[in-house]
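# Secondary and tertiary structure notes
What follows is each chain in one-letter form.
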Amino acid sequence: MDSAPPAPPSSPSPWLPFESRRRARDEKREAVLRAAVQLFLEQGYHRVTLNEVADRLNITKPALYNYFRGKDEILFECWSMGAELVDGVITEINAGGGSGLAKLRKLVHAYAELMATDFGASLVRFDLRDLAERNAGVARAAKRRIDATFRRYIAAGIADGSIRPCDPKLAAFAIAGSLNWIGHWYRREGKLSPTAIADEFTVRLTDGLAAEVRLQTTKKTPRAPQGRNSGRKTTGKKRTGGETG
């Protein structure tokens with residue numbers, strides 16, 4: 001008796017599993033944000049249209065509304081991506097421990113590198129007045145948290161002796177102001193990489209705050225033996241011959 005023919009392979013489901021669908025949606029959503037943030041930084045938020053964002057992604061404008069309700073929501077999400085990156089850095093630094101100065105240096109270095117990214121630059125290049133009031137409030141609160149972290153690390157360094165006494169508020173303003181400006185002037189085609197910039201800024205912005213920990217050791221130079229009259233001060237011309245009466 002012949003065996004039954006093998007059953008045809010089952011057709012794959014036309015529906016993606018839920019996790020795969022969500023992951024695909026998240027990836028497309030992030031692609032929209034990456035295209036939008038580049039355009040916002042290149043041309044300015046008010047000059048960019050959703051049609052331009054769609055054209056850069058090779059999709060239609062109505063397709064954007066599957067992910068965002070409007071341009072102002074895209075702007076806020078771009079800003080939020082940058083804020084989340086900073087929050088992640090701070091969480092990692094807090095978990096690692098170390099002196100106040102060590103934490104400050106880690107934050108300065110990481111923050112400088114983030115300022116050289118599109119989402120990092122969005123933290124300082126975008127005007128919060130373009131956001132809805134609720135989102136603007138969220139953004140202002142996040143800025144205060146970042147500022148408070150700089151101050152906290154500086155104050156901790158003063159307390160543990162790794163940072164010389166100073167005004168934590170003014171020191172934090174000086175450091176953050178310098179770092180934020182990277183987001184305005186950095187260009188990818190420049191000679192310095194983000195890491196090289198971060199290395200340099202870390203040195204320049206923290207060495208002046210570091211407490212002096214190296215002890216200066218002075219070696220004593222042995223004195224030459226002195227004669228009985230060596231302490232006398234001689235005057236007049238130097239004699240070249242023997243002494244005469």
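Residues numbered from 1 in each chain as written. Predicted model: local features only at pLDDT ≥ 70, side-chain atom pairs only at ≥ 80, totals over all residues. Heavy atoms only, no water.

## Some points on the environment of Arg56
Relative to the assigned elements, Arg56 resides in helix 2 (residues 50-57). Residues Arg56 and Ala36, spaced 20 residues apart in sequence, show a C-alpha to C-alpha distance of 8.7 Å. The contacts of Arg56, once residues within four sequence positions are left out, are Ala35, Gln38, Leu39 and Glu42. Engagement of the side chain of Arg56 in a polar contact is seen with the side chain of Gln38, the distance being 3.5 Å. (Helix = DSSP H or I, 4+ residues; strand = E, 2+ residues; numbered from the N terminus. Contact = heavy atoms within 4.5 Å. Polar contact = N/O pair within 3.5 Å; in protein donor to acceptor, adjacent residues only side chain to side chain.)

## Quick look at the pattern of salt bridges
Here the structure, examined in full by the defined rule, presents eleven salt bridges. Close ionic contact of Arg56 with Glu42 constitutes a salt bridge, the shortest N to O distance being 3.3 Å. With Arg56 in helix 2 and Glu42 in helix 1 (residues 18-43), this pair connects stretches of sequence that are 14 residues apart. The partly exposed category is assigned to Arg56, whose relative accessible area is 39%. Under the relative-accessibility criterion, Glu42 is labelled exposed at 52%. (Salt bridge = Lys/Arg side-chain N within 4 Å of Asp/Glu carboxyl O. Buried < 20%, exposed > 50% of the residue type's maximum accessible area, 1.4 Å probe, protein only.)

## Describing helix 7 (residues 133-160)
Across its 28 residues, helix 7 extends 40 Å between first and last C-alpha, which sits within 8% of the 40 Å expected from 1.5 Å per residue. Of the residues making up helix 7, those classed as buried are Asn135, Ala136, Ala139, Ala142, Ile146, Asp147, Thr149, Phe150, Tyr153, Ile154 and Gly157. Residues of helix 7 that are buried sit in contact with helix 4 (71-96), helix 5 (100-115) and helix 8 (168-185). Downstream of helix 7 by one or two residues, Gly161 has phi in the positive range, about 90 degrees. (Expected span 1.5 Å × (residues − 1).)

## As for the packing of aromatic side chains
Enumeration according to the criterion identifies four aromatic pairs in this entry. Between the aromatic rings of Tyr111 and Phe150, the centroid separation amounts to 5.8 Å while the plane-to-plane angle is 75 degrees, which identifies the pairing as edge-to-face. Taken together, the positions of Tyr111 in helix 5 and Phe150 in helix 7 put the pair 39 residues apart, joining distant regions of the chain. Among the residues examined, Phe150 registers a relative accessible area of 0% and is labelled buried. On the numbers, 6.4 Å between centres and 35 degrees between planes, the contact of Trp185 with Phe201 is tilted. Here Trp185 is found in helix 8, whereas its partner Phe201 is found in helix 9 (residues 194-206), with 16 residues between them in sequence. Since its relative accessible area comes to 38%, Trp185 is described here as partly exposed. (Phe/Tyr/Trp six-rings, centres within 6.5 Å; stacked < 30°, edge-to-face > 60°.)

Read these as geometric descriptors, not functional statements.
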